[in-house]
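Examination of the molecular architecture
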Amino acid sequence: MTSLPVVIIKPSKGWVSLKLGELWEYRELLYFLTWRDIKVRYKQTVLGVAWAVIQPFFSMVVFSLFFGHLAKIPSDGIPYPLFSYAALLPWNYFAQSLHQASNSLIGSSNLISKVYFPRLLIPISGVLSGVIDFAVAFTVLMGMMIYYSVWPTPRILLLPFFLLLALITALGTGTWLSALNVEYRDVRYVVPFLTQFWMFATPVVYPSSLLSEPWRTLYGLNPMVGVVEGFRWVLLGANPPGALLVVSIWVSILLLVSGAYYFRRIEKRFADII
Amino acid sequence: MGRIAICAERLGKQYRIDTYRAPYATLRESLIRAVQAPLRFLQRKGYPVDRTIWALKGVSFEVQRGEVVGIIGRNGAGKSTLLKILSRITEPTEGYAEIHGRVGSLLEVGTGFHPELTGRENIYLNGAILGMRKAEIDRKFDEIVAFAELEKFLDTPVKYYSSGMYVRLAFSVAAYLEPEILLVDEVLAVGDAGFQKKCLGKMGEVAKEGRTVLFVSHNMAAVEALCNRACWIKEGRLVDSGVVSVIIRRYLEDLSVLRSIPLRDRLDRQGRGHVVLTDYGLMDNQGRKVEFAISGQELNIVLSYETKDSVPLDDMVFGIGIFTLYGQHLIQCNNQLTGTEFNGLGRSGRVRCKIPRLPLTPGVFNLNFILRRKGEIEDWIQDAGQLTVEAGDFFGTGRLPPPSHGGLLVDQEWGIV
């Protein structure tokens, strides 16, 4: 007779392990949850995929008009539309993933109260499903780069790394907010406000070169600064992010690890209060 | 390698009572509370005693591999809490349990079904949620579809399915789960009779294959048919376990004791409680109080209510459910169904439900009462009363079906065509 897996059930106390092995075991469920999010999103909307483009594109048009054309905000010598779109691309991915992830647990309350699986899968699938929208919006950037005759360099190979940095930041913040959202339902009202505030704290409409050192490095405490500067660097040949990137990477990892531990700590109460 | 599949020791689950009422706090309230009582916030050792209840307390049992165990008990006794603990949906507050083998839990059919997705897509999604691997679903896909009898509608979004189709699809996915231990909660209470029978058959097969099943149900007939052992949970405690027929008999005896308590004194009631039911009685067509009813004769069920609220009471709906002792819901009477409105009722009073020709065969039936005002449940008592039916001449021929064919009687006319 083959040996059967043994599950021990008992009350847990304090900080608990992340159980990463179990997450890996449930990777197929993660795939299906992500796939469901993507399918449903595109099925429920009339314009479908077009939404992924409309939002960043029109933001770019408005920003170019007001900040680039009227306010004459510097853009490090890069055409302003390209300058802002290259930042809006990761920013929109981040903002949307954060929104998805922080509401994900509430939206899956029927799953949480009826089936067991590692709950961390829910916010993770929330940030993964946004990658498709990102990819769609990215094609527009390609078109714009051709239009402005800006040719990519081999540095573009680093792009996935910066996308991953945005993903980790979104997931880290998302696990914090989603877990808080289960316990305190008014967190959901904080998220849009936080996102808006965060955007202006990120060099989306202006360059970080407006700051001098050491402030510029400190600016990296907002990990999205590293992401946006990185995108402009690898795509448009702007100045490399430098030391602030190191700060951004550490902050994003800290966010993710602390978020995941906090999430696991209060996870056991989800089914009772959701 | 032992033969034990599940071993539970002194499992207990404590809930905060205020989480029943307001399931979540707001950040603002928590901050205010933290400011008002900083010490209590820091200590946070347990909750004040009066604000918690034990949904489950000191439950210990063992289940051998291959056993099919029924868990019986009234609503709110803690059966579902036990299943939720064993399926790891919620953590116990105390105690310990060990489970040997892969666990599949079916606490509801169609968990995670998405209305926008097609039948095909939902089979994969639901399968994955229940713990199947993709390769496993691929392999069983055709069987699942055949079992559900939905080949033609595979590529239709399930939001266009009838509720029957929906349930069939959902159960079919669940039926092909192959864990060593299956935890099942009430899922057989759905679907049409034919499909229910098919599901019962499928569950029986599962049991014969030597897998372990824990089955929670109100339907004693299903429990008796499927299980060889039963555990009876009452008010959070395991009061008895053993041979299924014996435990069911004891449980039913306990219910009949409960039914003999006057309505006014019953504590196990749910609802707002501003208006309460205080008594019930049976009357014949002359308005005389009777102890039992007769098949085919007029029966009046009279409900008395009382309130301390301001009167008059408007939009009152009284409901009477008639069940077999085994928990099968046979008849629901309700003044909303007949279009009778009860408005402007006084501080206390009585309403009557008249059944002109009682369509029940001789036997004892279980009554549930529910009272709603403006759509909100005021009072709801299960196993509230008993209805004894004596033989009567329903068809006017002096004949009744034999007791073994018992249940409901309907008017019928036969002829040659």
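Looking only at helices and strands, chain B features 10 helices and 19 strands. Within chain B, the fraction of its 417 residues that count as buried is 37%. Partitioning the contacts of chain B with sequence separation of at least 6, the portion at a separation of at least 24 is 72%.

What follows concerns the overall build of chain A. When you go through chain A residue by residue, the secondary structure sums to 12 helices and one strand. Ordered by position from N to C terminus, the α and β elements of chain A give β-α-α-α-α-α-α-α-α-α-α-α-α. Whereas a compact globule of 274 residues would reach a radius of gyration of roughly 19 Å, chain A reaches 20 Å, a difference of no more than 12%. In terms of principal-axis extent, the alpha carbons of chain A reach across some 70 × 45 × 40 Å. Burial status across chain A gives 44% buried among its 274 residues.

Okay, the sheet that holds strand 12 (residues 289-290) of chain B next. Across a sheet, paired strands are connected by hydrogen bonds in the backbone, their directions being either parallel or antiparallel. All names here are of chain B. The strand order across the open sheet built from four strands is 12-11-14-17, with neighbouring strands paired in antiparallel fashion. What marks the edges here is a single partner per strand, and that holds for strand 12 and strand 17 (348-355). Alignment of strand 11 (residues 275-283) against strand 12, held across two bridges, turns out to be antiparallel. What sits directly across from Leu-282, in strand 12, is Val-290.

Attention shifts here to the sheet that holds strand 6 (residues 181-185) of chain B. All names here are of chain B. Taken in spatial order, the six strands make up an open sheet running 5-6-7-3-8-9, and their pairing is mixed. Every other strand in the sheet has two partners, leaving strand 5 (103-106) and strand 9 (237-243) as the edge strands with one partner each. The sheet shows a mean angle of 15 degrees between the axes of neighbouring strands, taken without regard to direction. Sheet topology note: the strand 8 (residues 229-234)/strand 9 ladder contains six bridges and is antiparallel. Pairing of Cys-231 across the sheet is with Ser-241, part of strand 9. Where helix 4 (residues 79-86) meets the sheet, its contacts fall on strand 3 (68-72), strand 5, strand 6, strand 7 (212-216) and strand 8, and the angle it forms with strand 7 comes to roughly 145 degrees.

Further remarks concern the nonpolar core. Residues Ala86(A), Leu214(B), Phe215(B), Val223(B) and Ala230(B) are the most contacted members of the largest nonpolar core, which totals 147 residues. With 14 residues, helix 4 (residues 80-107) of chain A is the largest single contributor of residues to this core. Setting aside its immediate chain neighbours within four residues, Ala230(B) contacts Val69(B), Gly70(B), Ile72(B), Val223(B), Ser241(B), Val244(B), Ile247(B) and Ile248(B). Counting 26 residues, the second-largest nonpolar core is a separate cluster that includes Ile301(B), Leu313(B), Leu358(B) and Ala384(B).

With that out of the way, let us pick up the interface of chain B and chain A. With 46 residues of chain B at the interface, the matching set in chain A holds 34 residues. Contributions of two or more residues to the side of chain B that touches chain A are made by helix 2 (27-36), helix 4, strand 4 (94-100), strand 5 and helix 5 (119-129) of chain B. With six residues, strand 4 of chain B is the single largest residue contributor to the side of chain B that touches chain A. A class-by-class count of the residues in the side of chain B that touches chain A yields 21 nonpolar, 12 polar and 13 charged. Inspection of the sheet shows strand 1 (residues 6-9) of chain A paired to strand 4 of chain B by four bridges, in the antiparallel sense. Paired with Val7(A) across the bridge in strand 4 of chain B is Ile99(B).

The subject of this paragraph is the pairing of strand 5 of chain B. Residue and element names in this part refer to chain B. Side-chain alternation along strand 5 places Val-103 and Ser-105 on one buried face and Gly-104 and Leu-106 on a second face that is also buried. Both strand 5 and strand 6 contribute to a ladder of four bridges, which runs parallel. If you follow Val-103 over to strand 6, its bridge partner there is Ile-181.

Residues and elements named next belong to chain B. As paired elements, strand 11 and strand 14 (residues 299-307) share eight bridges and run antiparallel to each other. Paired with Asp-279 across the bridge in strand 14 is Ser-304. Hairpin connection, strand 11 to strand 12: the antiparallel pair is bridged by five residues, and Gly-287 has positive phi, about 80 degrees.

Residues and elements named next belong to chain B. Taken as a whole, chain B is organised into domain 1 (4-256) and domain 2 (265-402). Facing nine residues of domain 1, the contacting portion of domain 2 comprises seven residues. If you list the elements that add at least two residues to the side of domain 1 that touches domain 2, you get helix 9 (220-226) and helix 10 (244-259). Among the elements that line the side of domain 1 that touches domain 2, the one with the most residues is helix 10, at three residues. Taken together, the residues that form the side of domain 1 that touches domain 2 break down as four nonpolar, four polar and one charged.

So, about the confidence of the model for chain B. Residues and elements named next belong to chain B. Put simply, chain B has an average pLDDT of 84, and 88% of its residues get 70 or more. Here residues 19-23 scores under 50 on pLDDT; set against residues more than four positions off or in separate chains, the count is four contacts. Note that residues 41-49 has pLDDT below 50 and, in this model, four contacts with residues that lie over four places away or in other chains. Reported confidences for the modelled complex are a pTM of 0.80 and an ipTM of 0.85.

So, about the packing of helix 8 (residues 159-183) of chain A against helix 11 (residues 223-236) of chain A. Residue and element names in this part refer to chain A. Interaxial distance between helix 8 and helix 11 falls to 9 Å at its minimum, and their mutual angle equals 160 degrees. With respect to helix 11, the axis of helix 8 lies roughly antiparallel. Crossing handedness for the pair helix 8 and helix 11: left-handed. Contacts from Leu-159, Phe-162, Leu-165, Ala-166 and Thr-169 of helix 8 reach helix 11 at Pro-223, Met-224, Gly-226, Val-227, Gly-230, Phe-231 and Val-234.

Analysis parameters
- Residues numbered from 1 in each chain as written.
- Chains lettered and ligands numbered in written order.
- Predicted model: local features only at pLDDT ≥ 70, side-chain atom pairs only at ≥ 80, totals over all residues.
- Helix = DSSP H or I, 4+ residues; strand = E, 2+ residues; numbered from the N terminus.
- Buried ≥ 20, exposed ≤ 12 C-beta atoms within 10 Å, placed from the backbone.
- Contact = placed C-beta atoms within 7 Å.
- Rg over C-alpha atoms; globule rule 2.2 N^0.38 Å.
- Pairing = 2+ DSSP bridges.
- Axes fitted to C-alpha atoms, helices over the stretch in contact; angles between N-to-C directions.
- Core = buried A, V, L, I, M, F, W, Y, C linked by C-beta atoms within 7 Å.
- Nonpolar A, V, L, I, M, F, W, Y, C, P; charged D, E, K, R; others polar.
- Domains from an automatic or database assignment.
- pLDDT = per-residue confidence, 0-100.
- Parallel < 35°, antiparallel > 145°, perpendicular 65-115°, else oblique.
- Left-handed = near helix turned anticlockwise from the far one by under 90°.

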